[in-house]
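Read off the chains here:
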Amino acid sequence: MRIVLAYLIGVIFGTGIVMGGMANPAKVLNFFDFAGSWDPSLLLVMAGALGVTLVGYGIVLPRPRPLLAPAFSLPATTAIDLRLVGGSALFGIGWGLAGFCPGGALPALGLFEPAVYLFLAAMMAGMVLARALSDRLSHGAARPFG
Amino acid sequence: METAFTPLQSFSGGLLIGLSAVLLMAFLGRIMGATGIVAGLIFPASLSDWAWRAALVAGMATGPLVWLAVTGRWPEMQVPVDPGTLIIGGVLVGIGVSFGGGCTSGHGICGLARLSPRSLVAVLTFMATAALTVYMVRHGAGR
């Protein structure tokens with residue numbers, strides 16, 4: 001049941017990403033190209049997604065628990081620190097270079113384009129590297145991903 | 001390379017993304033964050049935890065096929081960068097979202113919807129560096 005639902009929810013997300021243009025690096029990069037071929041479409045993706053989630057979370061989160069899990073798993077971290085800002089800054093640079101973000105690239109897997117696989121392989125290598133680096137830097141302290 | 005402004009289609013896509021985030025929270029109690037979902041696939045906590053994440057990603061990858069079935073054509077995708085840039089960008093994205101604890105979906109949609117100050121800082125930061133990077137690559141010195 002959980003597996004089938006997760007799959008269907010993934011289909012909705014993937015269709016939304018593709019429809020919105022988030023799986024198309026040319027469109028994503030143009031969103032950031034204010035000085036050139038600016039395409040504001042992604043602003044509308046964010047507006048639509050944020051609007052629905054804001055209202056939907058307002059209805060769902062006050063409930064005692066999710067329908068198919070014992071509790072809501074919400075990030076416990078609230079720290080605004082160098083890790084957050086530095087990590088986000090690096091992410092933005094990578095996003096501006098490649099034109100893919102993680103949520104844009106996963107649905108693009110279904111397009112069977114080698115560029116997507118190359119990006120995702122590099123991204124996962126980066127995640128493994130970050131985990132190793134993080135373990136070395138902070139012996140036992142909070143790991144990334146909460 | 002010019003791309004067409006698609007306000008209605010992009011807004012509708014956004015509505016679907018939002019719907020999926022709300023449903024994932026309502027049923028499984030999870031944040032719809034691509035970073036966390038992939039991290040849980042690479043570093044599995046348990047088989048059942050791995051399974052719903054794999055199913056979710058499989059569903060995501062079905063998105064283009066749904067689009068093909070409905071509209072009769074593949075979704076548009078142009079990659080205006082060379083493979084080397086894709087690899088460097090990919091590694092930076094992987095490291096960045098790990099330390100930053102999220103990406104466009106986790107911080108940008110779910111975090112902002114929870115009114116998290118941490119997510120707001122993350123979003124403003126990665127939007128700014130992405131725009132700056134595109135500016136440097138396309139309009140920087142020597143271009």
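See above for the structure.
Please read all numbers here as calculations on a predicted model, not as lab measurements. (Residues numbered from 1 in each chain as written. Chains lettered and ligands numbered in written order. Predicted model: local features only at pLDDT ≥ 70, side-chain atom pairs only at ≥ 80, totals over all residues. Heavy atoms only, no water.)

Undergrad: Is there a simple way to think about the interface of chain A and chain B in this case?
TA: Interface size is often expressed as the accessible area that is lost when the parts come together. With 107 residues of chain A at the interface, the matching set in chain B holds 104 residues. Interface of chain A and chain B: buried area, both sides summed, is about 9,500 Å²; carbon and sulfur atoms make up 79% of it. If you sort the residues of chain A by the area they bury against chain B, F13, M19 and Y57 of chain A come out on top, with a joint share of 8%. On inspection of chain A and its partner chain B, the count reaches 1 salt bridge. Its salt-bridge partner being R138 of chain B, residue D33 of chain A comes within 2.9 Å of it at the nearest N-O pair. At the level of secondary structure, the elements contributing two or more residues to the side of chain A that touches chain B comprise α1 (2–20), α2 (25–31), α3 (41–60), α4 (82–98), α5 (102–108) and α6 (114–137) of chain A. (Contact = heavy atoms within 4.5 Å. Buried area = accessible area lost by both parts, 1.4 Å probe. Salt bridge = Lys/Arg side-chain N within 4 Å of Asp/Glu carboxyl O. Helix = DSSP H or I, 4+ residues; strand = E, 2+ residues; numbered from the N terminus.)

Undergrad: What exactly am I supposed to notice about the packing of aromatic side chains here?
TA: Working definition: an aromatic ring pair is given by the centre-to-centre distance plus the angle between the planes. Residue and element names in this part refer to chain A. Here the structure, examined in full by the defined rule, presents 8 aromatic pairs over all chains. With 5.2 Å between their ring centres and 65° between their planes, F31 and F32 make a pair best called edge-to-face. For F32, a relative accessible area of 2% puts it in the buried group. On the numbers, 5.5 Å between centres and 5° between planes, the contact of F91 with W95 is stacked. Highlighted residues: F91 and W95, both in helix α4, separated by 4 residues, approximately one helical turn. (Phe/Tyr/Trp six-rings, centres within 6.5 Å; stacked < 30°, edge-to-face > 60°. Buried < 20%, exposed > 50% of the residue type's maximum accessible area, 1.4 Å probe, protein only.)

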